[in-house]
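Results of the structural survey
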Amino acid sequence: MRDIWDDGYSQSKKLTEEMVSNAEKKLGVRLPKSYIELCKMQNGGYLKYCDYLPPFQQIGQTIM
């Protein structure tokens, strides 16, 4: 998952338990552990690839 992030961006501060607790209190929710772990890996930043490429379609096909 680390290879999707743009290396030219300096990420935010490392995520702490205090930051998680404050966010959960402010939002009134418990954040999923998987989301917290992702934020510990990469707390902010830009993706290398920002374009969505839809599945291949034949000429004349509608997207809907």
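This text goes with the structure placed above it.
Residues numbered from 1 in each chain as written. Predicted model: local features only at pLDDT ≥ 70, side-chain atom pairs only at ≥ 80, totals over all residues. Heavy atoms only, no water.

Notes on the overall build of the chain
For the record, the criterion: Strands are runs of DSSP state E lasting at least two residues, helices are runs of H or I lasting at least four, and both sets are numbered from the N terminus onward. Relative accessibility decides the category of a residue: with a 1.4 Å probe and only protein chains considered, values under 20% of the type maximum give buried, values over 50% give exposed, and everything between is partly exposed. Should any heavy atoms of two residues lie within 4.5 Å, those residues are counted as being in contact.
Counting its secondary structure elements, the chain contains two helices and zero strands. Within the span of the chain, comprising 64 residues, buried residues form 12% of the whole. Within the chain, counting contacts between residues at least 6 apart in sequence, those at least 24 apart form 78% of the total.

What about the pattern of salt bridges?
Condition: Every case where a carboxyl oxygen of Asp or Glu lies within 4 Å of a side-chain nitrogen of Lys or Arg is listed as a salt bridge.
Applying the stated criterion across every chain yields a total of three salt bridges. A salt bridge links Glu24 to Arg30; its shortest N-O distance comes to 3.8 Å. Across the pair Lys40 and Glu37 runs a salt bridge, and its minimum N-O distance is 3.8 Å. In this pair, Lys40 and Glu37 both sit in helix α2 (residues 33–41), three residues apart, roughly one turn of the helix. Lys40 gets classed as partly exposed once you look at its relative accessible area, which sits at 33%. Residues joined in a network through salt bridges with shared partners are Glu17, Glu37 and Lys40.

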